Amino acid sequence: EAPMGETERVLASIWAELLGVEAIGRHDHFFELGGHSLWLMQAHGRIREHFRVEIALRDLFTRPLLSAQAELISTLQLEAFLGDEMEAMSDELDGLSEHELLKLLKQEAVND
């Protein structure tokens, strides 16, 4: 089955280049395609560089399927985005007075 979505397609191209395999499917197994630990370390670096995520090397070892690695990458990207959003919201709330916070809470209660 062909890779689905941008993350799977980019990851498949990383694998294809490292493994010297023309076509990578979404259910393909890194090690069954001839991959080994040194190539996985290279993939790890390229994943970090391209997707801008901090991913543990052991997580790539324990998720050798393309679709599983892509799902992990997407999850980490989402967590990073939400973390940035929460930090921005926290900074905004820190700048409000107690009166402004109470007013905001009352508005939210009315909207629910």
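The structure under discussion appears in the preceding block.
The shown structure was predicted, so the numbers you read here are calculated from the model rather than taken from an experiment.

Engineer: Can you help me understand the nonpolar core in this one?
Structural biologist: Within the largest apolar cluster, 22 residues are counted, with the highest numbers of intra-cluster contacts made by L11, I14, W15, I47, F51 and I55. When residues in this core are grouped by element, the largest group, eight residues, is from helix 1 (residues 5-19). Those residues in contact with I47, other than ones at most four positions away along the chain, are L11, I14, R52, V53, I55, L60, Q69 and I73.

Engineer: Honestly, unusual backbone geometry in this entry has me stumped. Any pointers?
Structural biologist: Trans is the common state for peptide bonds, and a negative phi is the common state for residues other than glycine. Its identity as a non-glycine residue notwithstanding, R52 has a phi of 60 degrees, on the positive side. Within the secondary structure, R52 is located in the loop between helix 2 (37-51) and helix 3 (57-62).

Engineer: Sorry if this is basic, but what is going on with the packing of helix 2 against helix 4 (residues 66-94) here?
Structural biologist: What describes two packed helices is the angle between their axes and the distance between those same axes. Put simply, helix 2 and helix 4 touch, their axes get as near as 12 Å, and they point 35 degrees apart. Where helix 2 crosses over helix 4, the two elements pack in a sense that is right-handed. Between helix 2 and helix 4, the residues in contact are L40, I47 and F51 and Q69, I73 and Q77, respectively. A breakdown of the residues in the contact of helix 2 with helix 4 according to their chemical character gives four nonpolar, two polar and no charged.

Engineer: Explain the environment of V10 to me, please; I cannot follow it from the model alone.
Structural biologist: With respect to the helices, strands and loops of the structure, V10 is situated in helix 1. Considered as a pair, V10 and F51 are 41 residues apart in the sequence and their alpha carbons are 9.3 Å apart.

Engineer: Is there a simple way to explain a nonpolar patch on the surface in this structure?
Structural biologist: On the surface, M86, M89, L93, L101 and L104 cluster together to form a nonpolar patch covering roughly 400 Å² of accessible area. Elements supplying a minimum of two residues to the nonpolar patch: helix 4 and helix 5 (98-111). Broken down by element, the nonpolar patch gets its largest block of residues, three residues, from helix 4. By the element assignment, M86 lies in helix 4. Residue classification places M86 among the exposed positions, given a relative accessible area of 51%.

Engineer: Teacher, can you tell me more about the packing of aromatic side chains here?
Structural biologist: The relative placement of two aromatic rings is captured by the distance of their centres and the angle of their planes. All told, the structure shown has three aromatic pairs when counted by the stated rule. For the pair W15 and F30, a centre-to-centre distance of 5.2 Å together with 75 degrees between the ring planes defines the contact as edge-to-face. Placement of W15 in helix 1 and of F30 in the loop between helix 1 and helix 2 is noted, with a sequence separation of 15 residues between them. Overall, W15 belongs to the buried group, its relative accessible area being 0%. Aromatic rings pair up to connect W15, F30, F31 and F61 into one cluster.

Engineer: Hey, could you run me through a negative patch on the surface in this one?
Structural biologist: A cluster of acidic residues, D84, E85, E87, D91 and D94, forms a negative patch at the surface. With respect to the element layout, D84 can be found in helix 4. Judged by relative accessible area, D84 falls into the exposed class, the value being 53%.

The rules behind the values
Residues numbered from 1 in each chain as written. Predicted model: local features only at pLDDT ≥ 70, side-chain atom pairs only at ≥ 80, totals over all residues. Heavy atoms only, no water. Core = buried A, V, L, I, M, F, W, Y, C linked by side-chain atoms within 4.5 Å. Buried < 20%, exposed > 50% of the residue type's maximum accessible area, 1.4 Å probe, protein only. Helix = DSSP H or I, 4+ residues; strand = E, 2+ residues; numbered from the N terminus. Contact = heavy atoms within 4.5 Å. Axes fitted to C-alpha atoms, helices over the stretch in contact; angles between N-to-C directions. Left-handed = near helix turned anticlockwise from the far one by under 90°. Nonpolar A, V, L, I, M, F, W, Y, C, P; charged D, E, K, R; others polar. Patch = residues over 30% accessible without salt bridge, like charges linked within 9 Å, V, L, I, M, F, W, Y side chains within 5 Å. Areas by Shrake-Rupley, 256 points an atom, 1.4 Å probe, with all protein chains shown as cover. Salt bridge = Lys/Arg side-chain N within 4 Å of Asp/Glu carboxyl O. Phe/Tyr/Trp six-rings, centres within 6.5 Å; stacked < 30°, edge-to-face > 60°. Lys, Arg positive; Asp, Glu negative; His and termini not counted. Charge placed at Lys NZ, Arg CZ, Asp CG, Glu CD.

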